[in-house]
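# Chains, contacts and geometry: an overview
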Amino acid sequence: MSLLSPRRALRAAPRRFARASLAASVTGLLVLTSFAGVASTAQAAVNDAYKYFGSSSAGASIRVTGQTSSVATRLYALNGQNGATSTQGYSVDYAGTPPTSNNNYTEAEWSSLPQPTAVANRGAVEWILKHSFPRVSTTTLRTTLQAHPDFSTFPSGNFSESEAIAATQAAIWHYTDGVDLDLANTSVNSARTRLFTQYLVQEAAGQAASTGQPPTVELQSGTGRTAFAVEPGGAFGPFTLASSTTATLTVAGPARLVGDDGAPLSGLQQPGTSFWVQPTASPAAAGSVTVRAQTSAVTTTVVNAALGRVNVSPFAARENLAVLSTSSQSAQHELALAWEIDQNSPDDFDANGAATTRAYTYYPRGELSPTLERVTFTDGTSTTTDLIGLTGNGTDASADVYSADFAGTAINAVQGPVLPQGAVFQEGDWSASPSLADTAGQAEVARILQQSYPTRTVAQLTAALQEAGALPASSGNIKNWEAIAATQAAIWHFTDGKTLDTTRYATPVAAVASSEQPGGEAGLVLDGTAATAWRAATAGSASLDVTFPSAFEPRSYSVTTREGGAAANTPASWKLQRSADGVTFTDVSTSGVTHTFAGGAAETRVSGNIPPGATYGSATTLYRVVFTGAQDPTQPIEVGEVSFEGFGVFGAQPNYEYRQFANTSNVVRAYQYLVADAEANPVPAPAPAVDLQAAQEVFERESVTDLVGPITLTGTLAAEVALTGPDQARLLADPTAELQDTLVLAPGATFWVDFGETEAGSVELVAQSTAVNWVTARALDATTGAGPTLTQLGVQSLRASDTLTLAVGLAPPPALEIGAPTAERGTDVEIIGTGFRGGEAVALELENGTLALLDTVADDRGAFTATVTVPAEASLGADVVRAVGAASQRSAAADLEIVATAEPLAGSTDPTTPLVAPAAALERTGALAGEWQALLAVTALLLAGSGVALWASQRRAMSTPSDGA
């Protein structure tokens, strides 16, 4: 009988099981029979719900050892609830109460079974369920047993399902409750039941429980790297999702994941998916991310065990199910990645690195942008600002950019900057721009784009403004449209010479006093410091007339005393007046102030709030502060500062426009901060350098196996070194390394050239650095006309390279040439050597007595010319001058005859040396008298062998004639 589907089993139950009744000892503990990875009617999981409706397949009754009554066996059918699949199962509790119709079950772990024996023998029960009915047909089971050497007596003929069910149940009880089938009872237990039970018990013994296999996942780098060099806008990779099931890919950090086609990845990805990481920071900058792969949950069920506990009350609504080796698991893997913009590390060398070649298309906005802001400049021009949105072409991400060309961007456009519709923009260098190539300010613009929005959030930019004192510490964040306007105006300041109108309408442009002392002029109240002051010329009342840059409506004003001033000179009371013609002045209501100052430290007194109605309809540029006099009426008043708060008034009633600044106050403050910061902290372009250096340009090898080098790569960048030369020529990172066609080296690294067996020739070495893209951000240039323009600013591709040509040949045998074949002691001799190693030290010596002559250094061709002095202690006669190279140990020799000198050498004791050379003596002593000459000759002949004492005495006498000589 084949295993029925749950639905068919339930339909067949009334007919199939009508003749069977459940014996009282049938258990309420069930072990289910579905398995992972096999077509099954059940795939249970912990907490799945089931209901027993009384359906079961009857097994043969059996008798166990020690019992006098038989026990019915059954394969129970459970109906899955709430999406759980229906299944079948055996009993795991011999002594339990049998399931009753309408019992509810909730699945739990196998370890929750109440019998320690059952828990300990989980592996055995699992093996039984995998190798018995209904998992295996009775026909296959019969064949298996007959082929087994221990059970070959298994009877042929029909092996009924009821016998298979009975044997399976008996084997399970053996391992869950220690109950054994009564093998001696042949009346109840058939031969097939007994043999099959024995087979299952024997083969299941000691079997280990299998566990659910969790899904596997790994993120693999196609290059093996986790650190990369990437061009702005580019992506790095590839990476592969190696997993056993589908997984979701996420990235934490300033990047996105894209497929091989450049499209963003989203949703579940199939195993083997290839993807790339594309940094999204603008401007492009170095960064790091963590990529995570999370697999889908996988439910693995090896064996399900249903545990039907005895109902302890009629109200027990749900019983427990024990699950054998069921798990719902997922797996995850993380990969930490980092990148530099064209990093100069040899490990990340980008041989083809260059300025980005991203392309964009401009499409006008379909509606007004919420980030529009109008700005006005000191030259009277005005325009609406906004970030310019560009759509990336191909795999390039879209970008928001600023304008770098005021004249090329449509002015006064209602919808913000307007460019040629459909224009394609290509990124390039600042120097490639017709309007920027000769423009200073690149370093300043770089700083602006690094320090402003959107590189910084509005919160970060606000914090920077507050820290610099450009905004009050209590102010809220500036708006993104204010940040955009300030940034755009600051860029135009350096690219087009535009100056934002930063006029503050509450700041007077002039002050004139009715009375003042010399040195205490009225203008000092507007200089921003209370240390200087206006002082009236006389005691009593005095006034200050202040002029504003535009019709002005004051809301309050303040008076500050002079720093260090006397209390007697501080003002006692004052008020504000206005005038439309400079002749008639009218009091501004509620503007009067009376106050007593203490003197000494500067003190400020602010007026009360002046309501708009006080000057409504009559705002003017001229106001007067009228002082009634000083605290001491006999003293002139002194005032350190006068300042105002309020608005410039524009237009006509009733639609007046009130402005504190010519531009939005936050735009002015951010603009002033960005310009000042850029001027103080410009970001210069890097200065790449690469240089190849060798000890000499001519290498003479002693043999064809000698290497040429060392050669050093210096500079600031990593570089790829290649060579052009004989076919056999190759590069080596060190003398023992493998031969390479090219080498990627860090600054300061040394390398060698294997010139091969070619005896002579030359090799050209070329060091090419990786491109360094000086990245800040993007801005549009030359946006006039209908043709495409360039995306500029901050993509400055810088390279460095160097070429070194070396001559290589076989060195001739070393040789020495001496200027003269003979030499006297103490005289100089010129020695010429060739055939030594270029640049090596060479030692010169006389072989007889091994007398050192001189240490010299060969030039890059291995040659030298040296002048040596023959030592006084050199032996007379034939000798040999030998030269030995310190590095190569190459040597050469030449003969030199050392002859006697014509006069005794200072300090010499060699009796073979002539005492004196008369001619030489005459040269030194001058003309001598004739008798002295005769005496000298006779004495020399008679005493030649008599020692030196007399010779020395005569020598002194000749050398020092008497006064009468």
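Counting starts from 1 at the beginning of each chain's written sequence and moves along it residue by residue. In view of the model being predicted, local features appear only for residues whose pLDDT reaches at least 70, and side-chain atom pairs are presented and counted only at 80 or more, with totals across whole chains, interfaces and linings using the full set of residues. The side-chain figures draw on all heavy atoms in the structure; neither hydrogens nor water molecules are used.

### Focus on the overall build of the chain
Secondary structure assignment for the chain yields 13 helices and 55 strands. Taking all 965 residues of the chain together, 46% fall into the buried category. Taking all contacts inside the chain whose residues are at least 6 apart in sequence as the whole, residues at least 24 apart take part in 73%. Summed over its atoms, the accessible surface of the chain is roughly 42,500 Å², and 51% of this surface lies on carbon and sulfur atoms. A run of H or I in DSSP becomes a helix once it reaches four residues, and a run of E becomes a strand once it reaches two; helices and strands are each numbered from the N terminus. Relative accessibility under 20% of the residue-type maximum defines a buried residue, over 50% an exposed one, and the middle range a partly exposed one, all with a 1.4 Å probe and only protein chains included. Residues are treated as being in contact if the distance between any of their heavy atoms lies within 4.5 Å. Only the protein chains shown count as cover for residues, with accessible areas throughout obtained via the Shrake-Rupley method and a probe of 1.4 Å.

### Description of the pattern of salt bridges
The salt bridge definition used is simple: a Lys or Arg side-chain nitrogen within 4 Å of an Asp or Glu carboxyl oxygen. Counted under the stated rule, the structure contains 13 salt bridges. Note that E553 is salt-bridged to R555, the shortest N-O span being 2.6 Å. A residue is classified by how much of its surface remains accessible, and R555, at 22% relative accessible area, is partly exposed. For E657, the salt bridge identified is with R659, shortest N-O distance 3.4 Å. Since its relative accessible area comes to 40%, E657 is described here as partly exposed. We classify R659 as partly exposed; its relative accessible area is 24%. One network of salt bridges, in which partners are shared, links R535, R562 and E638.

### Here's the deal with the packing of helix α5 (residues 161-177) against helix α6 (residues 191-204)
Across the interface, α5 lies against α6 with an axial gap of 8 Å and an inter-helix angle of 40 degrees. As the angle between them shows, α5 and α6 are arranged oblique. Crossing geometry of α5 relative to α6 is assigned as right-handed. Residues E163, A164, A166, A167, T168, A170, A171, H174 and Y175 of α5 pack against R192, T193, F196, T197, L200, V201 and A204 of α6. Orientation is described by axes fitted as lines to C-alpha atoms, over the contacting stretch for helices, and by angles from 0 to 180 degrees between their N-to-C directions. Working rule for angles: under 35 degrees goes down as roughly parallel, over 145 as roughly antiparallel, 65 to 115 as roughly perpendicular, anything else as oblique. What makes a crossing left-handed is the near helix being turned counterclockwise from the far one by less than a right angle; a clockwise turn instead makes it right-handed.

### Structural notes on the sheet that holds strand β49 (residues 822-824)
Read from one edge of the open sheet, five strands run β49-β55-β54-β51-β52, paired in mixed fashion. In the strand order of this sheet, the two ends are held by β49 and β52 (851-857), each with one partner. For this sheet, the mean angle separating the axes of adjacent strands, direction not counted, is 30 degrees. Between any two strands, pairing holds if DSSP finds at least two bridges. The pairing of strand β51 (residues 841-846) with β52 spans six bridges and is classified as antiparallel. Bridge pairing links L846 to L851 in β52.

### Focus on the confidence of the model for the chain
Known as pLDDT, the predictor's per-residue confidence is scaled from 0 to 100. For the chain, per-residue confidence averages 79 on the pLDDT scale, and 77% of positions sit at 70 or higher. Within the model, the stretch residues 1-28 combines pLDDT values under 50 with 62 contacts to residues more than four positions away or in other chains. Counting contacts from residues 301-326, a segment whose pLDDT is below 50, to residues more than four positions away or on other chains yields 127 contacts.

### A short note on the sheet that holds strand β38 (residues 719-724)
Sheet architecture is open: five strands sit in the order β36-β47-β42-β38-β40, paired in mixed fashion. Two strands close off the open sheet at either side, each with one partner strand: β36 (698-701) and β40 (742-745). Between one strand axis and the next, the sheet turns through 25 degrees on average, direction left out of account. Bridge count for β38 against strand β42 (residues 761-769) is six bridges, and the pairing is antiparallel. Residue pairing in the sheet places V721 in a bridge with A767 of β42.

### Thoughts on the packing of helix α3 (residues 122-130) against α6
Running from amino to carboxyl end, α3 crosses α6 at an angle of 135 degrees, the nearest separation of the two axes being 9 Å. When the axis of α3 is compared with that of α6, the two are oblique. Between α3 and α6 lies a crossing of right-handed hand. Along its contact with α3, which presents A124, W127 and I128, the element α6 presents Y199, L200, E203 and A204. Three classes are used: nonpolar for Ala, Val, Leu, Ile, Met, Phe, Trp, Tyr, Cys and Pro, charged for Asp, Glu, Lys and Arg, and polar for all others, with Gly counted as polar. Partitioned by chemical class, the residues of the contact of α3 with α6 number six nonpolar, no polar and one charged.

### Quick word on the environment of R890
With respect to the element layout, R890 can be found in the loop between β54 (877-885) and β55 (891-899). A residue is classified by how much of its surface remains accessible, and R890, at 14% relative accessible area, is buried. Counting along the chain gives 75 residues from R890 to A815, while the straight-line C-alpha distance between them is 9.8 Å. Ignoring anything within four residues of it in the chain, the contact list for R890 reads E702, A811, P812, P813, P814, G835, F836, A883, V884 and G885. Within polar-contact distance, the side chain of R890 engages the backbone oxygen of P812 at 3.3 Å. In the analysis that follows, any N or O atom pair within 3.5 Å is treated as a polar contact, provided that within protein one partner can donate a hydrogen and the other can accept it, and provided that, for residues neighboring in sequence, both atoms belong to side chains.

### Remarks on α6
The end-to-end C-alpha separation of α6 is 20 Å, in line with the 20 Å expected for 14 residues at 1.5 Å each. Within α6, ten of the 14 residues are buried, which leaves the element mostly enclosed by the surrounding structure. Every buried residue of α6 is accounted for by R192, T193, R194, L195, F196, T197, Y199, L200, V201 and A204. Directly after α6, the chain includes G206, whose backbone phi takes a positive value near 75 degrees. The length a helix should cover is 1.5 Å for every residue beyond the first.

### Focus: the nonpolar core
Residues belong to a common nonpolar core when they are buried Ala, Val, Leu, Ile, Met, Phe, Trp, Tyr or Cys residues joined through side-chain atoms within 4.5 Å. Counting residues in each nonpolar core, the largest one holds 34 residues, and the members touching the most others are F377, Y402, L465, L500 and Y671. Of all elements in the fold, only α7 (442-451), α8 (458-467), α9 (480-495) and α10 (665-680) reach the threshold of two or more residues within this core. Considering each element in turn, this core owes the most residues, nine residues, to α9. Here L500 is in contact with V375, T376, F377, T378, A489, N663, V667, V668 and Y671, once residues within four sequence places are set aside. Listed in part, the 30 residues of the second largest apolar core include L75, Y90, F151 and A171.

### Regarding the packing of aromatic side chains
Side-chain rings of Phe, Tyr and Trp, where Trp is taken by its six-membered ring, are said to pair if the distance between their centres is within 6.5 Å; with planes under 30 degrees apart they count as stacked, over 60 as edge-to-face, and otherwise as tilted. All told, the structure shown has 25 aromatic pairs when counted by the stated rule. On the numbers, 4.8 Å between centres and 85 degrees between planes, the contact of F406 with W492 is edge-to-face. One end of the pair, F406, is in the loop between β22 (399-403) and β23 (424-427); the other, W492, is in helix α9, and 86 residues separate them in sequence. Under the relative-accessibility criterion, W492 is labelled buried at 3%. Arranged with centres 5.7 Å apart and planes meeting at 50 degrees, the rings of F836 and F864 form a pair that is tilted. Placement of the pair is F836 in the loop between β50 (828-834) and β51 and F864 in strand β53 (residues 864-869), with a sequence separation of 28 residues. Note on accessibility: F836 and F864 belong to one class, buried. Criterion for a charge above a ring: Lys NZ or Arg CZ within 6 Å of the ring centre, and within 35 degrees of the ring normal. A cation sits over an aromatic face here: R555 above Y658, 5.8 Å from the ring centre. Above the ring of F585, the side-chain terminus of R624 is found at 3.7 Å from the ring centroid.

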